[in-house]
Amino acid sequence: MTENGSATLLIIGSGGREHALAWHLSRSAHVARLLVAPGNPGTATLPKTSNVPLSMDDSEGLLALALQIPVDLVIIGPEKPLCAGLGDRFVQAGLPCLGPGAAAAKLEGSKAFAKQFMVRHGLPTASFGVFTSSREARDYIDANPEARVVKADGLAAGKGVVVADDAKQAKEAVCDMIEYKRFGSAGQQVVVEQRLFGREVSLFGLIHGTEMLYLGSAQDAKRLHDGDRGPNTGGMGALSPSRYSTDDALGRQFFQKMTSALHQEGLFYSGFLYIGLLIDDQDRPHILEFNCRLGDPEAQVLLLRIQTDLAAILLDLVQGGTLQGHSISTEGHAVGVVLAAAGYPGEPRIGMPITGLANTQSHGATVFHMGTRGHGDRLEVAGGRVLTVCATGTNLQAARQRVYAALAEIHFDGMQWRNDIGCFREP
Ligand code: GLY
């Protein structure tokens, strides 16, 4: 373990998840310096933290920086560089890195790989078919009245899943992806699967080789509008813990199974993992999907609740320590609401000034930046999802009240948000 206050960490990414990670890690007595590449205006304001103007696609630049400093730990936040093998590059250069290599990141990078992995290891999941032929996918939909979910195989920024109400809609989604190339090469292969009904729970944990540490649960709101209506997004809000699962034993059980399954396949996994579960009306869990990272905005609400010093655990781990004997202490309930730009999840309108952030602190809220940029001394909208307004409380209602009071202070033209985060109706 590095001595108190002596470690330098590099976080790669620029979203709300990376802002929340930097916020949590910068509070650790073990961390002397935190670099975020490229970071955002939020990470730039954190103590001990500076942004480095390197894109997450610039693997040569990032590698050179990490070697030159040198950093004690690299944490890769988003899926794109993980699936492109950035983690492998750091490990090959002898740098401690949290984030799986490309082979294990296929759990997120290929929906077909993930489903086949689940089948190989007897992990519960919906029945499915994998297709590159639009006609064969449409025939499968006609022959299987429950096959109503269509997923682009590759990465599609959280927008590549269509949950159809009928065969017509499902077949249109297939055509959109395979024939009209809506998601480019990510949709050349599709997974068509049985539509399940129930309660969705997001589980988060850390896996390192043969060991795992369960972090906790969250629940996200994927659709743009209240009542879970409208188009799919990367996530319009989240709460933690999930109101559908206060049972950490379930989370630990799934993380144990995944750790063994990865080990059996000879895949070394070191990093955060998300397991998306659906619990059906007979209380049976089914795995919907994996992410080889923390979710965004789920990371924001999860990290707000975690009282354990994750930096201490991670630094110990990369120096040959163990996850065994560690547990995660969490406090209260957290709610996060995403403020999105006009036009999102299509083409977002950017460049509008953002006002009112300074007034949010009096409500006990924490605001994480997702898609903002500085322009002179003003803050501007720079992406589809702009900010996550978060707060904790002794219960969901208290956290929710703080968030919505803080949110009312913020303004930018065309701002979109959901009013029902933290008051989901039971499905
Ligand atoms: N909120 C979903 C994701 O991070 O992909």
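In this report, we go over the structure that sits alongside the text.

Moving on, we come to the sheet that holds strand β20 (residues 372–375). Sheet architecture is open: 3 strands sit in the order β18-β21-β20, paired in antiparallel fashion. Every other strand in the sheet has two partners, leaving β18 (353–354) and β20 as the edge strands with one partner each. One ladder, built from 2 bridges, connects β18 with strand β21 (residues 378–381); its direction is antiparallel. Bridge pairing in β21 links P353 to E380.

Turning our attention to the layout of surface pockets. Using a probe with the size of a water molecule, rolled over the atoms, empty space left in the structure can be pinpointed. Put simply, the second largest pocket is a space of about 440 Å³. Along its surface, the second largest pocket is lined by 17 residues, and T45, T360, Q361, V367 and H369 are the ones closest to its centre. Elements that contribute at least two residues to the lining of the second largest pocket include exactly α1 (16–26) and β19 (366–369). In terms of residues, the lining of the second largest pocket owes the most to one element, β19, which gives 4 residues. For the lining of the second largest pocket, the per-class residue count stands at 9 nonpolar, 8 polar and no charged.

If you look at the biggest cluster of nonpolar residues, it comprises 47 residues, and the most contacted ones within it are F90, I275 and F290. Considering every element that reaches this core, the biggest residue donor is helix α9 (residues 248–264), with 6 residues. Look past the residues within four positions of F90 in its chain and what remains in contact with it is I12, L62, L63, A66, V74, I76, L95 and C97. Listed in part, the 41 residues of the second largest apolar core include A7, L215, V301 and A334.

In this section: the side chain of E18. Its location among the elements puts E18 in helix α1. A polar side-chain atom of E18 sits 2.7 Å from a polar atom in the side chain of R17. With residues near it in sequence (within four places) discarded, E18 still touches I11, I12, G13, T43, G77 and P78.

Our focus in this paragraph is the sheet that holds strand β9 (residues 190–194). Read from one edge to the other, the open sheet built from 4 strands follows the order β6-β9-β7-β8, with strand pairing classed as antiparallel. On the outer flanks of this sheet lie β6 (128–131) and β8 (161–163), each paired with one strand and no other. For this sheet, the mean angle separating the axes of adjacent strands, direction not counted, is 20°. Here strand β7 (residues 147–152) pairs with β9 via 5 bridges, running antiparallel. Pairing of V149 across the sheet is with E193, part of β9.

For the rest of this paragraph, the subject is the pattern of salt bridges. Following the criterion strictly, the structure yields 22 salt bridges and no others. Residues K168 and E172 are paired through a salt bridge, measuring 3.1 Å at the closest nitrogen-oxygen approach. Highlighted residues: K168 and E172, both in helix α8 (residues 167–179), separated by 4 residues, approximately one helical turn. A relative accessible area of 57% places K168 in the exposed class. Ionic pairing is found between R418 and D420, a salt bridge with its closest N-O pair at 2.9 Å. On the basis of relative accessibility, which here comes to 11%, the residue D420 falls in the buried class. When salt bridges that share partners are traced, they join E79, E108 and R293 into one network.

For the rest of this paragraph, the subject is empty space enclosed by the protein. Throughout the structure, instances matching the rule amount to 2 cavities of 30 Å³ or more. Volume-wise, the largest cavity comes out at about 70 Å³. Lining the largest cavity are 14 residues, and of these I76, G77, F272, R293 and L294 sit closest to its centre. Contributing elements (two or more residues each) for the lining of the largest cavity: α1, β4 (73–76) and β15 (270–279).

This next bit is on the site of the ligand. Around the ligand, the neighbouring residues are D220, G234, N291, R293, G295, D296, P297 and E298. Contact between the ligand and R293: an oxygen atom at 2.8 Å from a side-chain N or O atom of the residue. In the complex, 84% of the free accessible area of the ligand, which totals 200 Å², lies under the protein chains. In terms of residue class, the shell around the ligand is made up of 1 nonpolar, 3 polar and 4 charged.

Below, the discussion takes up the state of the cysteines. Throughout this description, disulfide means a covalent bond between two cysteine sulfur atoms. Applying the stated rule across the entire model yields 0 disulfides. Here C83 stays unpaired: no disulfide links it, and the sulfur of C292, its closest cysteine neighbor, is 4.6 Å away. Of all cysteine sulfurs in the structure, the one in C423 sits closest to C390, which takes part in no disulfide; the separation is 16 Å. Assessed through its relative accessible area of 0%, C390 is described here as buried.

So, on to the pairing of β4. Residues L73 and I75 line one face of β4 and the alternating positions V74 and I76 line the opposite face, and both faces are buried. Two elements, strand β1 (residues 7–13) and β4, share 4 bridges in a ladder whose sense is parallel. Bridge pairing links I11 to I75 in β4. Note: β4 against strand β5 (residues 97–98), 2 bridges, orientation parallel. Residue pairing in the sheet places V74 in a bridge with C97 of β5.

With that settled, the discussion passes to the packing of helix α7 (residues 134–143) against α8. Two elements in contact, α7 and α8, have axes whose closest approach is 10 Å; the angle formed by their N-to-C orientations is 165°. When the axes of α7 and α8 are compared, the pair comes out roughly antiparallel. In this structure, α7 meets α8 at a crossing whose hand is right-handed. Between α7, through S134, A137, R138, I141 and D142, and α8, the contact on the second element is made entirely by A167, A170, K171, V174, C175, I178 and E179. Looking at the contact of α7 with α8 residue by residue, the class counts come to 7 nonpolar, 1 polar and 4 charged.

Calculation notes
- Residues numbered from 1 in each chain as written.
- Predicted model: local features only at pLDDT ≥ 70, side-chain atom pairs only at ≥ 80, totals over all residues.
- Heavy atoms only, no water.
- Pairing = 2+ DSSP bridges.
- Helix = DSSP H or I, 4+ residues; strand = E, 2+ residues; numbered from the N terminus.
- 1 Å grid on protein atoms, 1.4 Å probe; cavity = no way out; pocket = protein on both sides within 12 Å on 5 of 7 lines; lining within 4 Å.
- Points joined across faces, edges and corners; volume = space filled by probe spheres on them.
- Nonpolar A, V, L, I, M, F, W, Y, C, P; charged D, E, K, R; others polar.
- Core = buried A, V, L, I, M, F, W, Y, C linked by side-chain atoms within 4.5 Å.
- Buried < 20%, exposed > 50% of the residue type's maximum accessible area, 1.4 Å probe, protein only.
- Contact = heavy atoms within 4.5 Å.
- Polar contact = N/O pair within 3.5 Å; in protein donor to acceptor, adjacent residues only side chain to side chain.
- Axes fitted to C-alpha atoms, helices over the stretch in contact; angles between N-to-C directions.
- Salt bridge = Lys/Arg side-chain N within 4 Å of Asp/Glu carboxyl O.
- Near = heavy atom within 4 Å.
- Areas by Shrake-Rupley, 256 points an atom, 1.4 Å probe, with all protein chains shown as cover.
- Disulfide = S-S within 2.5 Å.
- Parallel < 35°, antiparallel > 145°, perpendicular 65-115°, else oblique.
- Left-handed = near helix turned anticlockwise from the far one by under 90°.

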